[in-house]
Amino acid sequence: LTSGGRWSGTTTLQGIAAMRCVIPGVHVKLFGKAIQCLAKIGSELYLECLEDQLGLRTVNSSRSAFGCMTFHRDFFLEYDLNVTAPSNGGGNAENDNESEGEEVKCKIAAKSCLSVFRSLASLEKTVDRCTIDLDLLASKLVFILHCKHGITKTYNLGFQECESLQAIFSKDLSVNVITAESRLLQEIVANFQLSQEEITMTALATQLCFRNYIEDDPDPGKSLLTEMALDP
């Protein structure tokens, strides 16, 4: 992907495509937090590289929760995206330019990305910048951490090409709207067991109730039932 310190494109099924972005050290922790947050929702991260922004998306296994983080090109020190149709020697220029402006999409295991941004406090102190290269020919998403004292850490993560992930949802159909500080929601979740996969939230006229969800338990008497009621 790199040669003599200069970035070059790679040949792919879609054409000659490559993406490179460079995250400054002051933004590395924020980018890592976004990945950690999305990894709590789904097991796969969907990357969508557009001309002016990079999108990270995920969905849980039951398709009931969707998360999306968008980073505009101003967030990066560098953001380059190049997608052009492959040349067939005597091909015409019109066909060669048909795929210009297309986005690059792929998905990657969330656990793989977490291995790069495992310790955010340490990264904030030691990383000067983070380079992300997308090599579609080798199906690799390459993270390069440029650390202090000339130390470089490289992570080559495999990915799969995919379609765009979109949530089909209309806010107008929601009759209940709940707004709360993230700290309050964290305190609520802290009262439930870490192994709890689902929490049921019920909106009443005077209260908002949270309770753990237990399905088909062979011995309900031994299950720990937790319920909280909050006033508006």
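Cut-offs applied
Residues numbered from 1 in each chain as written. Predicted model: local features only at pLDDT ≥ 70, side-chain atom pairs only at ≥ 80, totals over all residues. Heavy atoms only, no water. Pairing = 2+ DSSP bridges. Helix = DSSP H or I, 4+ residues; strand = E, 2+ residues; numbered from the N terminus. Axes fitted to C-alpha atoms, helices over the stretch in contact; angles between N-to-C directions. 1 Å grid on protein atoms, 1.4 Å probe; cavity = no way out; pocket = protein on both sides within 12 Å on 5 of 7 lines; lining within 4 Å. Points joined across faces, edges and corners; volume = space filled by probe spheres on them. Nonpolar A, V, L, I, M, F, W, Y, C, P; charged D, E, K, R; others polar. Buried < 20%, exposed > 50% of the residue type's maximum accessible area, 1.4 Å probe, protein only. Contact = heavy atoms within 4.5 Å. Expected span 1.5 Å × (residues − 1). Arc of directions from axis to C-beta. pLDDT = per-residue confidence, 0-100.

Participant: Looking at this model, I keep getting lost on the sheet that holds strand β15 (residues 208-212). Mind explaining?
Facilitator: The 3 strands are arranged β14-β15-β16 in an open sheet whose pairing can be described as antiparallel. Two strands lie at the open edges of the sheet, namely β14 (199-203) and β16 (227-230), each paired on one side alone. Within this sheet the neighbouring strands show an average axis-to-axis angle of 15°, counted without direction.

Participant: When you look at the layout of surface pockets in this model, what are you seeing that I'm missing?
Facilitator: To locate leftover empty space, one rolls a probe as large as a water molecule over the atoms. In this structure, the largest pocket spans a volume of roughly 1300 Å³. Lining the largest pocket are 28 residues, with Lys40, Ile41, Leu185, Val189 and Ile199 positioned closest to its centre. For the lining of the largest pocket, the secondary structure elements donating two or more residues are α1 (25-39), α5 (182-189) and β14. Among the elements that line the lining of the largest pocket, the one with the most residues is α5, at 5 residues. Here the residues of the lining of the largest pocket are counted per class, giving 17 nonpolar, 7 polar and 4 charged.

Participant: What am I meant to see in unusual backbone geometry here?
Facilitator: Apart from glycine, the bulk of residues carry a negative phi angle, and the bulk of peptide bonds sit in the trans form. For Ser139, which is not glycine, the phi torsion reads 55° and is therefore positive. Mapped onto the elements of the fold, Ser139 is located in the loop between β10 (127-135) and β11 (140-147). Classification of Ser139 as partly exposed rests on a relative accessible area of 30%. Even without being a glycine, His149 presents a positive backbone phi close to 65°.

Participant: Help me out: how do you make sense of the sheet that holds strand β5 (residues 44-49) in this one?
Facilitator: The 5 strands are arranged β7-β6-β5-β9-β13 in an open sheet whose pairing can be described as antiparallel. Of all strands in the sheet, those bounded by a partner on one side alone are β7 (66-72) and β13 (160-161). With 4 bridges connecting them, β5 and strand β6 (residues 53-59) associate as antiparallel partners. Across the sheet, Cys49 pairs through a bridge with Leu54, a residue of β6. Of the strands in this sheet, β5, β6 and β7 touch α1, which is tilted by about 165° from β7.

Participant: Explain the pairing of strand β12 (residues 152-158) to me, please; I cannot follow it from the model alone.
Facilitator: The two faces of the sheet receive side chains in turn, since in a regular strand these alternate between them. Relative to β12, β11 runs antiparallel, the two being bridged by 7 bridges. Bridging across to β12, Phe143 finds its partner in Tyr155. Between β11 and β12, which pair antiparallel in sequence order, lie 4 residues; one of them, His149, sits at a positive phi of approximately 65°.

Participant: I'm lost on α1 in this one. Help?
Facilitator: Given 3.6 residues per turn, any residue in an α-helix points the same way as the ones three and four places further on. Here α1 contains 15 residues, and its C-alpha end-to-end distance of 22 Å stays within 8% of the 21 Å for a straight helix at 1.5 Å per residue. The complete set of buried residues in α1 reads Gly25, Val28, Phe31, Gly32, Ala34, Ile35 and Leu38. Taken down its axis, α1 places every buried residue within 155° of arc, on the same side.

Participant: I would appreciate a short explanation of the confidence of the model for the chain in the present structure.
Facilitator: When pLDDT drops low, the exact placement of atoms in the prediction is not to be read closely. Here the chain averages 78 in pLDDT, and 77% of its residues register 70 or above. Per-element mean pLDDT across the chain ranges from 30 in strand β1 (residues 2-3) up to 93 in α1. Counted against residues more than four places away or in other chains, residues 1-17, with its pLDDT under 50, gives 39 contacts. A low-confidence stretch, residues 84-101 stays under pLDDT 50, and its non-local contacts, those more than four residues away or across chains, total 17 contacts.

Participant: I tried to follow the environment of Leu56 on my own but got confused; where do I start?
Facilitator: Position of Leu56 among the secondary structure elements: in strand β6. By relative accessible area, which is 3% here, Leu56 ends up buried. Taking the C-alpha atoms as reference, Leu56 lies 5.6 Å from Tyr46; in sequence the two are 10 residues apart. When near neighbours in sequence (up to four residues on either side) are disregarded, Leu56 contacts Phe31, Ile35, Leu38, Tyr46, Leu47, Gly67, Cys68, Met69 and Phe71.

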